[in-house]
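Below are the chains, spelled out letter by letter.
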Amino acid sequence: MKNNNHFFIILCFILILSLIHSEASAVENNDGTKKSFSVDSLMKNTEVDLRINYGFFIHHHFEMARYPKHFPMFELSLQKQTYGKKMWQSYFNYPTVGVTAFYSSLGNNEVIGNAYAIYPFISYPFNKSKINTFGFRFGVGVGYITEIFHPKENFHNTSIGSHVNAAISLTFEYKRQISEHLKLSAFAGLTHFSNGCSSKPNNGLNIINAGLSASYFIKDQEEYIHHQKICNCEYRRLKPEFYLGLSYGIKRIEYGQKEDFSVYNLEIYILDRITNLSKIGIGLDLVSDATDKITLKNFYHDEDANNYTFAQLLKPGVSIAYELLMGETSFLINFGYHPWGRDMRYGRWYQKLGAKFNFGEHIYGKIALSTHFGVADFIGLGLGVRL
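Residues numbered from 1 in each chain as written. Predicted model: local features only at pLDDT ≥ 70, side-chain atom pairs only at ≥ 80, totals over all residues. Heavy atoms only, no water.

Engineer: Would you mind going over the overall build of the protein with me for this structure?
Structural biologist: Check the secondary structure of the protein and you find 4 helices and 16 strands. Classification of the 387 residues of the protein by burial places 51% in the buried group. A total of about 18,900 Å² of accessible surface is found on the protein, and carbon and sulfur atoms cover 63% of it. (Helix = DSSP H or I, 4+ residues; strand = E, 2+ residues; numbered from the N terminus. Buried < 20%, exposed > 50% of the residue type's maximum accessible area, 1.4 Å probe, protein only. Areas by Shrake-Rupley, 256 points an atom, 1.4 Å probe, with all protein chains shown as cover.)

And the structure:
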């Protein structure tokens, strides 16, 4: 397994531990003191969910027409229905968090093989109800595709260049509580596999899927704890927060490259809280990408490519940043612009989609995907401090 593929596994474990810690650490006695961790407390509101669905490929490249038209997909999940132990759970209509094991034969096609995945997820209800619920489920983790591109033995597979990939699931779902322990649901969504440009080719797999599921509560459900929303008047005064972080990624830009190239991203955030669970502000980036010299030489035919200094290849960026807070975990979205940079093959505009994990008040870990309007650039894993 290549070093860059470790990022996806690290992301999975961080997310899983973050969700478990969020649930376990919030258990309190009637007098407000915290209970010690126990398996019984962890199993409260825990469900086992089985999903059976059918999918088909989106042929976003013409050579994908030879792939199977449709195929079954199976998912087994261990999930937990939140009930308001933390304030953000009430604000988001008591979402469900869990971990899913995924399998599909992908139509028993020898070109792309079978797909396996494991990913943590969170499901946001659009309405507060224990009987009928409409919602959106988002999951990201690590996937394994059994067949990959080879220039002689499997040249028809132009979608997947590495066995280990990121697995992303986006689903809209309707849930119906049938009995005290049983819940049924119908859903439709998108499943995506790609390696984030860590190996070529990387066209990825996009699968439209729909199906049915049944989930069973292991223990009796807890009653919802309702929290009164705090007035946002206290956030009308400007109180900026400053963050400094450094991320590291590895990428490849051509098939057959033996060497992994490093990408460093120094970032500064100036954020201000606008609601109880939201921050908005400005992000400043400084990117050093070791693949720029290769791109300048092979794509731009720049004869001076090998002579550029480290400083001459730096790419500064400025972005609008938004952070959504969920306990110790938060999600970051950036939309930015590179005013300067020699390698602008995919354009000056960029986006970053990431997750941040707070370790106390001043230290955080972060993983983020940098893209250019859907074209993956690199996945960065880093640490930062709140100044």
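Engineer: Help me understand the sheet that holds strand 7 (residues 182-194), please; the structure alone is not making it clear to me.
Structural biologist: By definition, the strands of a sheet pair up through backbone hydrogen bonds, in either a parallel or an antiparallel sense. Spatially, 1-2-3-4-5-6-7-8 is the arrangement adopted by the 8 strands of the closed barrel, whose pairing is antiparallel. Here the strands of the sheet are splayed against their neighbours by 25° on average, with no regard to which way each runs. Pairing of strand 6 (residues 164-177) with strand 7 involves 12 bridges; the strand directions are antiparallel. From the neighbouring strand, K175 faces strand 7, where its bridge partner is S185. (Pairing = 2+ DSSP bridges. Axes fitted to C-alpha atoms, helices over the stretch in contact; angles between N-to-C directions.)

Engineer: I'm lost on the pattern of salt bridges in this one. Help?
Structural biologist: If charged atoms from side chains of opposite charge come close, those side chains can pair. Taken as a whole, this structure holds 15 salt bridges when the rule is applied. Where D285 meets K352, a salt bridge forms, and the shortest distance between an N and an O atom there is 2.7 Å. Pair noted here: D285 is in strand 11 (residues 278-289) and K352 is in strand 14 (residues 349-359), with a separation of 67 residues, a long-range link. A single burial state applies to D285 and to K352, both of which are buried. (Salt bridge = Lys/Arg side-chain N within 4 Å of Asp/Glu carboxyl O.)

Engineer: What should I look at first to understand the packing of aromatic side chains in this one?
Structural biologist: The description of two aromatic rings rests on the distance between their centres and on the angle between their planes. Under the defined criterion, the tally for this structure stands at 13 aromatic pairs. Measuring from ring centre to ring centre gives 5.9 Å for F102 and F193, while their planes differ by 50°; the resulting arrangement is tilted. In this pair, F102 sits in strand 3 (residues 96-104) while F193 sits in strand 7, placing the two residues 91 residues apart along the sequence. The residues F102 and F193 share a single accessibility class, namely buried. An aromatic cluster of three or more residues is present, and its members are F335, Y337, W349 and F373. Over the ring of F187 we find R51, and its NZ or CZ is 4.3 Å from the ring centre. Above the plane of the ring of F299 lies R345, whose end atom (NZ or CZ) is 5.2 Å from the centre. (Phe/Tyr/Trp six-rings, centres within 6.5 Å; stacked < 30°, edge-to-face > 60°. Lys NZ or Arg CZ within 6 Å of the ring centre and 35° of its normal.)

Engineer: Which parts of the structure should I look at to understand the sheet that holds strand 12 (residues 315-326)?
Structural biologist: As summarised here, the arrangement of the 8 strands in space is 9-10-11-12-13-14-15-16, forming a closed barrel in which the pairing is antiparallel. Neighbouring strand axes in the sheet, compared pairwise and without regard to direction, differ in orientation by 25° on average. Note: strand 15 (residues 363-372) against strand 16 (residues 375-386), 10 bridges, orientation antiparallel. Note that in strand 16 the partner of I363 across the bridge is V385.

Engineer: I would appreciate a short explanation of the environment of Q177 in the present structure.
Structural biologist: Within the secondary structure layout, Q177 lies in strand 6. Through-space distance from the C-alpha of Q177 to that of K130 is 6.8 Å; in sequence the pair is 47 residues apart. Within the structure, Q177 has its side chain in polar contact with the backbone oxygen of L182 (distance 3.4 Å). (Polar contact = N/O pair within 3.5 Å; in protein donor to acceptor, adjacent residues only side chain to side chain.)

Engineer: Sorry if this is basic, but what is going on with unusual backbone geometry here?
Structural biologist: Of all residues except glycine, most have a negative phi; of all peptide bonds, most are trans. Phi is positive for Y94, close to 60°, though the residue is something other than glycine. Of note, Y94 is situated in the loop between helix 3 (87-91) and strand 3. Not every positive phi belongs to a glycine, and H301 is a case in point at roughly 55°. Turning to its location among the elements, H301 is positioned in the loop between helix 4 (292-298) and strand 12.

Engineer: Help me understand the side chain of E47 in this model?
Structural biologist: Note that E47 resides in strand 1 (residues 46-57). Note on E47: relative accessible area 0%, which makes it buried. Side-chain polar atoms of E47 contact the side chain of S215, separated by 3.0 Å. When sequence neighbours within four positions are dropped, the list of residues in contact with E47 reads S77, L78, Q79, Q81, T96, K183, S215, Y216 and F217. (Contact = heavy atoms within 4.5 Å.)

Engineer: Just to check I follow, could you spell out the nonpolar core for this structure?
Structural biologist: Proteins that are soluble and globular tend to have nonpolar side chains buried together. Formed by 18 residues in total, the largest nonpolar core has its most connected members in F57, F102, L106, F193, L205 and I207. Of all the secondary structure elements, the ones that give two or more residues to this core are strand 2 (71-81), strand 4 (115-125) and strand 8 (205-217). By residue number, the principal contributor to this core is strand 4, which donates 4 residues. Sequence-distant contacts of F102, defined by excluding residues within four places in its chain, comprise M73, F74, E75, A115, Y116, A117, Y119 and F193. (Core = buried A, V, L, I, M, F, W, Y, C linked by side-chain atoms within 4.5 Å.)

Engineer: What should I look at first to understand the side chain of Q351 in this one?
Structural biologist: In this fold, Q351 is placed in strand 14. Judged by its relative accessible area of 12%, Q351 is buried. Within polar-contact distance, the side chain of Q351 engages the backbone nitrogen of F373 at 2.6 Å.

Engineer: It is not clear to me how the pairing of strand 14 should be interpreted in this structure. Could you clarify?
Structural biologist: Residues in a regular strand project their side chains so that they alternate between the two faces of the sheet. Looking at chain direction, strand 13 (residues 329-337) and strand 14 are connected through 9 bridges and run antiparallel. Counterpart to Y337 in the pairing with strand 14 is W349. Note: strand 14 against strand 15, 9 bridges, orientation antiparallel. Within strand 15, the position partnered with K356 by the bridge is K366. Linking two consecutive strands that pair antiparallel, namely strand 14 and strand 15, is a turn of 3 residues; a positive phi of about 90° is found at G360 within it.

None of this, on its own, says anything about what the molecule does.
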